[in-house]
Amino acid sequence: MDAQEQLNMPIRYNHIGYLPNGPKVFFLNPRCLDVEESQWPMLYYRIVGASGFADYKGCFEKGSFKNDGVCGYTGESLWSGTFSNVHETGSYRILIFLGRNSGNDRLLFESPAFEISDDWVLRQLKANIKSFYFQRSGVELTREFAGPWARPAAHFDDCIKFHASMNREGVWNAHGGWYDAGDYGKYIVNGGVSVGTLLLACELCDERLRQKKAKGSLAEDVINEGGTFNLPFSLKDEIRFELDFFLKMQDEDGGVFFKVTPERWDGFVTPTVSDSTRKRLILGKSTTSTLNFAGCMAAASRVYRGSDRAFSNRCLGASIRAYQWACRNPEADWPHNTEGSGGYGDSCYTDEFFWVRSMLYRELQGVKSFPKKSMDSLRSILLKDMDKNKIKLGLDWRDTQNFGWIALALQDFDVELRDRARKTLEGAAAEIIRLQQADPYGLSIRSFIWGSNGEISNHALTLMVVNTWRKTVEGQSLIKWSQEQLNFVYGRNPLNVSFVTGSAWSSPKRPHHRLSHSDKVVDPIPGLLVGGINADRQDLHRFPTYPNELPGYSYTDEQCSFASNETAINWNAPLTAVLALLVAYN
């Protein structure tokens, strides 16, 4: 099925599947059917299982959720079908009929198959975690684990020079770490929000598994165990690979370098070819990169404390040193260099300081070597931080204050700060759901920006975080509305695209991703979330073919479309976190 055929499909549904006990809503655009508008009320649907018999029959309702279904960003008028009371696992199809539910009714459309099961969420979680393995730099990916996407080690980065702007002689070892996106740069700032998000998922999953006493469960295996083709490394081990790179990026004075970059943008070539044609350099230091590092290391100290005390202590010490450097250098600017890699420029530091202070306030409780007077001083600053840093609906690399709010919400020793943080996050969750109910596709975003799928996933993650201490907000299920956001990502959208590579028949085949383009494998590396709909279309000078001018169709599955079809670890991270929490809480 080509892109135009996908657009012309009359229904929008999750192309992979639905959870047995989860919401099961799909949408119909009746204008895509060969029927008169006066006949629309005569349309109905059947949910048909592998047996061929109808497991459910239903009539469409005009509109979706709590709105009339009129979609301003696509020009559609959506109708809704629901089959939430179908719980039996298996393969299903949606059939659309015109008639009075009699033997003479006309079959108008039959969907591709999807599944009702818990398995698909676990499969997607493993694929997402493995996508970070495919992003590894400086190491060989063996056929045993990488299959057709195996490649030799390249970009060792263990003896690279400093960028000329740093006026610094010598070389540095910055081996390892993940490639950031579709390019071959390695960044602390965008890596920071990605690692911080994944560590948050580990912490919350560990706590949930302790509550359930779920030793040996599938969720615990994914978080703590690897060694199979589908999951070469557990989530914690994969994060550890990036953390080892982070630790190499900390200078002797505590500051942290900003990024490793080729001197000029690479073409769509393999890492090996890039290594032989592009000099790689280290660049930085900045307040934002140092604080991103400090926040992640404090979180890592908690997550790895039970399994590797020495590593945990090393992370905490590195976090403190980085925070101290940032206090001495509170406005060290980001390196304004985009000659061969992304900028990630950010001149506001209050949110990063809040993130780090919240993490350290939590992690240093009970540490005898840290004086109580210092803790009291830290708390007084935190109160000011909470006034300055208003909650957002989700995390992003530039605005990280939600990490601070979440850290305070997840501790119990300071009940006053905990309760204030929880109330604040609950308010954000309530706003997300109100926005979802008012949107024809159940989205809480109100514009499609670069990386909109990452923003959608981050909003879903906010709901799942609040779900760890309460199940509903204003009478609405947090897990339910989180799943509704994921339905958009996995196919229930105006493009009829499941935006994760390898996830469904409709997944992107030509992402803006150098590894996938250069490896001579027909299929792209699986488990990568592309940016998605982007109404700003910053890539028009590359002449991508967008379906039409309406903002909701600002996506095209073309390699040249870096504005809509690039991948990035900071978009994959929140989706991975939501999937992990769905597995842990099911």
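Preceding block: the structure.
So, here's what we can say about the structure. Everything numeric in this text was worked out from a predicted model, so none of it was measured.

## Topic: the packing of helix 14 (residues 452-466) against helix 18 (residues 569-585)
Remark: helix 14 packs on helix 18, axes separated minimally by 8 Å, with the N-to-C direction vectors making an angle of 35°. Of the two elements, helix 14 crosses helix 18, and the hand of that crossing is left-handed. In this structure, helix 14 uses G454, S457, N458, A460, L461 and M464 to contact helix 18, whose residues at the interface are W571, P574, L575, A577, V578, L581 and L582. When grouped by side-chain class, the residues that make up the contact of helix 14 with helix 18 number 10 nonpolar, 3 polar and no charged.

## Remarks on the sheet that holds strand 14 (residues 259-262)
Reading across from one edge, 12-11-15-14-13 is the order of the 5 strands in this open sheet, with mixed pairing throughout. Edge strands, defined here as strands with exactly one partner in the open sheet, are strand 12 (171-172) and strand 13 (186-187). Relative to strand 15 (residues 280-283), strand 14 is paired through 4 bridges, and the arrangement is antiparallel. Following the sheet pairing, K259 is matched in strand 15 by L283.

## Some words on the nonpolar core
Nonpolar side chains in soluble globular proteins tend to be buried together. With 140 residues, the main nonpolar core has I239, M249, I282 and F293 as its most contacted residues. Those residues in contact with M249 that sit more than four places away from it in its chain are W172, A174, I188, G255, V256, F257, F258, K259, V260 and I282. L33, F83, V86 and I116 belong to the second-largest nonpolar core, a separate cluster that totals 23 residues.

## Let's talk about helix 2 (residues 119-134)
Between its first and last C-alpha atoms helix 2 spans 23 Å; for 16 residues at 1.5 Å apiece the expected length is 22 Å, and the two agree. For helix 2, a buried count of 12 out of 16 residues is recorded, marking the element as mostly surrounded by other parts of the structure. Burial in helix 2 covers these residues: W120, V121, L122, Q124, L125, N128, I129, K130, S131, F132, Y133 and F134.

## Thoughts on the pairing of strand 8 (residues 90-98)
With 7 bridges joining them, strand 4 (residues 43-49) and strand 8 adopt antiparallel strand pairing. Each bridged residue has a counterpart across the sheet, and for Y45 the counterpart in strand 8 is I96. The pairing of strand 8 with strand 10 (residues 114-116) spans 3 bridges and is classified as antiparallel. By the bridge assignment for strand 10, Y92 is matched with F114.

## Overview of the pairing of strand 4
The side chains of a regular strand alternate between the sheet's two faces. Of all 7 residues making up strand 4, 6 are buried, and the element is well covered by its neighbours. As judged from the 5 bridges shared by strand 4 and strand 5 (residues 54-59), these two strands associate in the antiparallel manner. Note on strand 5: the bridge partner recorded for R46 is K57. Connecting strand 4 to the next strand, strand 5, in antiparallel fashion are 4 residues, including G52 with a positive phi near 90°.

Rules and cut-offs
- Residues numbered from 1 in each chain as written.
- Predicted model: local features only at pLDDT ≥ 70, side-chain atom pairs only at ≥ 80, totals over all residues.
- Heavy atoms only, no water.
- Axes fitted to C-alpha atoms, helices over the stretch in contact; angles between N-to-C directions.
- Helix = DSSP H or I, 4+ residues; strand = E, 2+ residues; numbered from the N terminus.
- Left-handed = near helix turned anticlockwise from the far one by under 90°.
- Contact = heavy atoms within 4.5 Å.
- Nonpolar A, V, L, I, M, F, W, Y, C, P; charged D, E, K, R; others polar.
- Pairing = 2+ DSSP bridges.
- Core = buried A, V, L, I, M, F, W, Y, C linked by side-chain atoms within 4.5 Å.
- Buried < 20%, exposed > 50% of the residue type's maximum accessible area, 1.4 Å probe, protein only.
- Expected span 1.5 Å × (residues − 1).

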